[in-house]
Amino acid sequence: MSNIYDVIVIGTGPGGYHAAIRAAQLGKKVLAVEAEYVGGVCLNVGCIPTKALLHAAEELEGIRHGAEFGLEVKDAKVDTKKLGGWRDGIVKKLTGGVSQLLKGNKIDLKTGFARFVDKNTIEVEGERFQGRAIIVATGSEPNTLPGFEVDQKNIVDSTGALRVEEQFPKRLLCIGGGAIGLEFAQVYKRLGAEVTVIEFMGQILPAADPETAGLLAKILGKQGITIRTQTKGVKVEKKKDGLHVTLEDLKTATQETIVVDKILVATGRRPRGKGLGLEAIGVVVDERGYIPTNEKMETNVPGIYAIGDVTRPPLLAHKAMKEGLTAAENAAGGNAVMDYQIPNVVYTSPEWAAVGMTEEEAAKAGYKVKVGKFPLAASGRAMTLGATEGLIKLIGDAETDLLLGAHMVGPSASDLIAEMALALEMGATVTDVGLTVHAHPTLSEGIMEAAEHLHRQAIHIANR
Ligand SMILES: Cc1cc2nc3c(=O)[nH]c(=O)nc-3n(C[C@H](O)[C@H](O)[C@H](O)COP(=O)(O)OP(=O)(O)OC[C@H]3O[C@@H](n4cnc5c(N)ncnc54)[C@H](O)[C@@H]3O)c2cc1C
């Protein structure tokens, strides 16, 4: 193979493989470089394996609660080895699928760590490759927490926490009440551990709408997960009976010790923008390791693009994918711009999902905020699912009736939020949402009713 390409993509996570495939579709000769695993974090140690574990844990919980409607199953238990095998099988199938897609699109794949030599040249394992455009999609890695050094045994990061088949703890401490901490908290709780989550900020999911985040915290609490906000981990000591962790309550400035068997450090992720030689060729990499880009995903150096976790938050797969398509189209001579209407989901059960603005953000942006809400306790469909805990909340502008945001807790919120993302993309008003006929009985009706409630005309709840 000649070493000259139209487009070189560094990293084959969601951002990278989307960019590579789109560039190939546009007729470009493409090289993808991958240092560790095709499919990146999302497919190998992120979205996919966590969702598999959450599904198994939810099924187990469903069996345990079936007695409410007459399904009596004795001694439901989990074989974590088999569960691990199922998880790995899904990952293998999907990552194999990405490799096939790359091949099918005639994309060359080079294994190894890429570094920049100059603006059009990278070096991988001593070999040089030239690209007219180069797209950096190197992703992110777990943040470290001083005093809680990860050994993937007693103290794990999300990758270690996936391995539920190894040393399953009786007591788990999750440091960090973000999506990753909460999802693992529920998996471990349902598989049999006693779980505590500590969060430094005043609420779990610190950037989320406080009402829906608070509701999720309350429901997870009822499920037996201990959640402590404004609490930080200070230090850990390994003793015979377990890990003695000193916690500090930031409200009262008091300390106490809890004893656990395993600690998950889930305090966020940091971008992998450093160590690629970008700075030496004049590409700006900020002090945290993010690579700033314009809305075309181009860095300050023309012809070098950056996408995904390495550019800016939110660190989400679908954001990386869309940025990948945008960068590829521009690298192929197009004129695409990135649109940051990004839905956000936590896959606990019930799920949490949001898109658009919170009340606070809308008020700050100068809108006259009006809120409509529909509790799932009033949903016939939720009752038939035995899952009535949840809320659908819409934010609108009282003056123009424009829909500004949607925030939900409930089953299938991850799928329901897509309707709200489309509504925002289409510039829908709250009236448009309320006028749309939703099938009955479905959870999606809650969206229609929340829109009607915003105008104080909902049918199945009092319009206070
Ligand atoms: C436990 C967990 C659960 C998650 N769940 C979800 C979820 O449900 N939904 C969601 O939207 N997001 C989720 N995420 C986030 C999601 O995984 C990331 O946002 C997404 O993977 C980012 O994609 P990316 O292409 O930017 O980078 P990555 O997926 O990080 O891929 C980057 C790739 O680049 C390679 N690489 C790095 N440097 C080099 C180099 N110099 N040369 C060659 N290759 C290199 C890496 O090996 C890696 O394969 C989760 C993350 C974690 C950790």
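Given the structure is predicted, the values throughout are model-derived calculations rather than measurements.

Observations regarding the pairing of strand β14 (residues 254-260)
Alright, step 1. In the sheet, strand β13 (residues 242-249) pairs with β14 via seven bridges, with the strands oriented antiparallel. Bridging across to β14, E248 finds its partner in Q255.
Alright, step 2. Between β13 and β14, which pair antiparallel one after the other, the connecting turn spans four residues, and A253 there sits at a positive phi close to 55°.

Comments concerning the packing of aromatic side chains
Alright, step 1. Here the structure, examined in full by the defined rule, presents one aromatic pair.
Alright, step 2. Looking at K29, its charged tip hangs above the ring of Y5, at a distance of 4.1 Å from the centre.

Some details on the UniProt feature "binding site: FAD" (unreviewed entry) in the protein chain
Alright, step 1. UniProt marks K51, T138, G139, S140 and D309 with the feature "binding site: FAD" (unreviewed entry), using the numbering shown here. Sequence-wise these annotated residues cover 259 residues; spatially they are dispersed, their C-alpha atoms as much as 22.6 Å apart.
Alright, step 2. Within the fold, K51 resides in helix α3 (residues 47-65).
Alright, step 3. On the accessibility criterion, K51 (24% relative accessible area) is partly exposed.
Alright, step 4. Residue position: D309 is located in the loop between β17 (304-306) and α8 (317-331).
Alright, step 5. The contact partners of D309, leaving out residues within four places of it in the chain, are G139, S140, R269, P271, Y290, L315, L316 and K319.
Alright, step 6. Side-chain polar atoms of D309 contact the side chain of S140, separated by 2.8 Å.

Section: the UniProt feature "domain: Pyridine nucleotide-disulphide oxidoreductase dimerisation" (unreviewed entry) in the protein chain
Alright, step 1. Per the UniProt record, "domain: Pyridine nucleotide-disulphide oxidoreductase dimerisation" (unreviewed entry) is annotated on residues 342-451.
Alright, step 2. In the segment residues 342-451, helix accounts for 34% and strand for 28%; the C-alpha atoms at its two ends are 21 Å apart.

So, the pattern of salt bridges
Alright, step 1. In total, this model carries 23 salt bridges according to the counting rule given.
Alright, step 2. Across the pair E211 and K373 runs a salt bridge, and its minimum N-O distance is 2.9 Å. Placement of E211 in helix α7 (residues 210-222) and of K373 in strand β20 (residues 369-375) is noted, with a sequence separation of 162 residues between them.
Alright, step 3. Residue classification places K373 among the partly exposed positions, given a relative accessible area of 27%.
Alright, step 4. Here E323 ties to K319 by a salt bridge, and the two come within 3.2 Å at their closest N and O atoms. In this pair, E323 and K319 both sit in helix α8, four residues apart, roughly one turn of the helix.
Alright, step 5. Look at E323 and you get buried, because its relative accessible area is 0%.
Alright, step 6. Ionic contacts of the salt-bridge type, sharing partners, join the residues R87, D88, R163, E165 and E166 into one network.

The rules we used
Residues numbered from 1 in each chain as written. Predicted model: local features only at pLDDT ≥ 70, side-chain atom pairs only at ≥ 80, totals over all residues. Heavy atoms only, no water. Pairing = 2+ DSSP bridges. Helix = DSSP H or I, 4+ residues; strand = E, 2+ residues; numbered from the N terminus. Phe/Tyr/Trp six-rings, centres within 6.5 Å; stacked < 30°, edge-to-face > 60°. Lys NZ or Arg CZ within 6 Å of the ring centre and 35° of its normal. UniProt positions renumbered as here; feature names shortened; annotations may be inferred. Buried < 20%, exposed > 50% of the residue type's maximum accessible area, 1.4 Å probe, protein only. Contact = heavy atoms within 4.5 Å. Polar contact = N/O pair within 3.5 Å; in protein donor to acceptor, adjacent residues only side chain to side chain. Salt bridge = Lys/Arg side-chain N within 4 Å of Asp/Glu carboxyl O.

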